[in-house]
Amino acid sequence: SQQGEEDPQALSIQEGENATMNCSYKTSINNLQWYRQNSGRGLVHLILIRSNEREKHSGRLRVTLDTSKKSSSLLITASRAADTASYFCATDRSGGYQKVTFGTGTKLQVIP
Amino acid sequence: EAQVTQNPRYLITVTGKKLTVTCSQNMNHEYMSWYRQDPGLGLRQIYYSMNVEVTDKGDVPEGYKVSRKEKRNFPLILESPSPNQTSLYFCASSLGRVNQPQHFGDGTRLSIL
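Since the model is a prediction, treat every value here as computed from it, not as a measurement.

What counts as what
- Residues numbered from 1 in each chain as written.
- Chains lettered and ligands numbered in written order.
- Predicted model: local features only at pLDDT ≥ 70, side-chain atom pairs only at ≥ 80, totals over all residues.
- Heavy atoms only, no water.
- Pairing = 2+ DSSP bridges.
- Helix = DSSP H or I, 4+ residues; strand = E, 2+ residues; numbered from the N terminus.
- Axes fitted to C-alpha atoms, helices over the stretch in contact; angles between N-to-C directions.
- Contact = heavy atoms within 4.5 Å.
- Buried area = accessible area lost by both parts, 1.4 Å probe.
- Salt bridge = Lys/Arg side-chain N within 4 Å of Asp/Glu carboxyl O.
- Polar contact = N/O pair within 3.5 Å; in protein donor to acceptor, adjacent residues only side chain to side chain.
- Nonpolar A, V, L, I, M, F, W, Y, C, P; charged D, E, K, R; others polar.
- Disulfide = S-S within 2.5 Å.
- Buried < 20%, exposed > 50% of the residue type's maximum accessible area, 1.4 Å probe, protein only.
- Patch = residues over 30% accessible without salt bridge, like charges linked within 9 Å, V, L, I, M, F, W, Y side chains within 5 Å.
- Areas by Shrake-Rupley, 256 points an atom, 1.4 Å probe, with all protein chains shown as cover.

Bringing the sheet that holds strand S3 (residues 19–25) of chain B into the picture now. Spatially, the four strands line up as an open sheet ordered S1-S3-S8-S7 (chain B), and their pairing is antiparallel. Edge positions in the sheet fall to strand S1 (4–7) and strand S7 (65–66) of chain B, since each has one partner strand and no second.

The following block contains the structure:
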């Protein structure tokens, strides 16, 4: 498996429900980010969580990070049809490496 | 308006015909990067640049070249394109060190026949 893998690959929920997607990674990181992509468009940054943080909130988004398990989760509360998109996590590697690795993404569909 | 601009947005070309995809940012960002996105594989980093004249390989650099002569521009060059380089390409930039929030361009869809 590759650095930064999301699961599930696809998720379909009703409007108003919560959506949870997970990201696992393999190496120690400096920080982890979540991005959103609307069908074939450029990615939009949602939230960044540093390796020494455990939880972060931004509006209806809640991100957790468990460095011992090398995993992160993104929770979108009270989902809306406009949240329909693909969501990606992105990690770096600590130790001075400059590469960024994106996961394969979770495709979220919110049904009105 | 802060933006990353890629050109062209769409290109259909033939094997072996050199092409350049331009990328320009107006945010004075140090870090710029190129990614390709393929179904089921997510985004994979091709090359990145920490600053002017400083570039390095990402995870899938084969068949690509880049240059960073000015801070705002980071062109991607395919000297001899092949069909396996058919993909959706994104340029991104960020301020400072690695894995800061990146601003993405709208993408360039390349088809190599």
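This part covers the sheet that holds strand S3 (residues 19–24) of chain A. All names here are of chain A. With antiparallel pairing, five strands are arranged side by side in an open sheet as S1-S3-S8-S7-S6. Edge strands, defined here as strands with exactly one partner in the open sheet, are strand S1 (5–7) and strand S6 (55–58). Strand-to-strand twist of the sheet, defined as the mean angle between neighbouring strand axes without regard to direction, takes the value 20°.

Of the residues lining the interface, 24 residues belong to chain B; the matching set on chain A comes to 27 residues. Together chain B and chain A conceal approximately 1,900 Å² of surface at their shared face, both sides included; 47% is due to carbon and sulfur atoms. At the junction of chain B and chain A, the tally comes to two salt bridges. Between Asp106 of chain B and Arg41 of chain A there is a salt bridge whose closest N-O contact spans 3.4 Å. At the boundary of chain B with chain A, the tally comes to five residue pairs in polar contact (both at pLDDT 80 or more). Going through the elements one at a time, strand S4 (31–38), strand S5 (42–51) and strand S9 (87–94) of chain B are the ones with two or more residues in the side of chain B that touches chain A. Looking at side-chain class alone, the side of chain B that touches chain A contains eleven nonpolar, nine polar and four charged residues.

Residues and elements named next belong to chain B. Across four bridges, the pairing between S5 and strand S6 (residues 54–57) is antiparallel. Bridging from a neighbouring strand, Tyr47 pairs with Lys57 of S6. Counting the residues in the hairpin turn of S5 and S6 gives two residues, including Glu53, whose phi is positive at 65°.

Residue and element names in this part refer to chain A. Scanning all chains against the criterion turns up two disulfides over all chains. Bridging Cys23 to Cys89, the disulfide has an S-S length of 2.0 Å. Classification of the bridge connecting Cys23 and Cys89 rests on its S-S torsion, roughly 65°, and on that basis the disulfide is right-handed. Within this pair, whereas Cys23 is found in strand S3, its partner Cys89 is found in strand S9 (residues 85–91), the two being separated by 66 residues in sequence. Cys89 matches Cys23 in its accessibility class, with the two residues each being buried.

For the rest of this paragraph, the subject is the pattern of salt bridges. All names here are of chain A. Counted under the stated rule, the structure contains eleven salt bridges over all chains. A salt bridge links Arg36 to Asp83, with the nearest nitrogen and oxygen atoms 4.0 Å apart. Taken together, the residues span a long stretch of sequence, with Arg36 in strand S4 (residues 31–37) and Asp83 in the loop between strand S8 (71–76) and S9 at a distance of 47 residues. For the pair shown, Arg36 and Asp83 are each scored as buried. In this structure, a network of salt bridges that share partners links the residues Arg36, Arg60 and Asp83.

Moving on, we get to a nonpolar patch on the surface. The grouping of Ile12, Val14 and Leu113 of chain B at the surface amounts to a nonpolar patch, some 330 Å² of accessible area in total. When its relative accessible area of 45% is taken as the criterion, Val14 of chain B is described as partly exposed.

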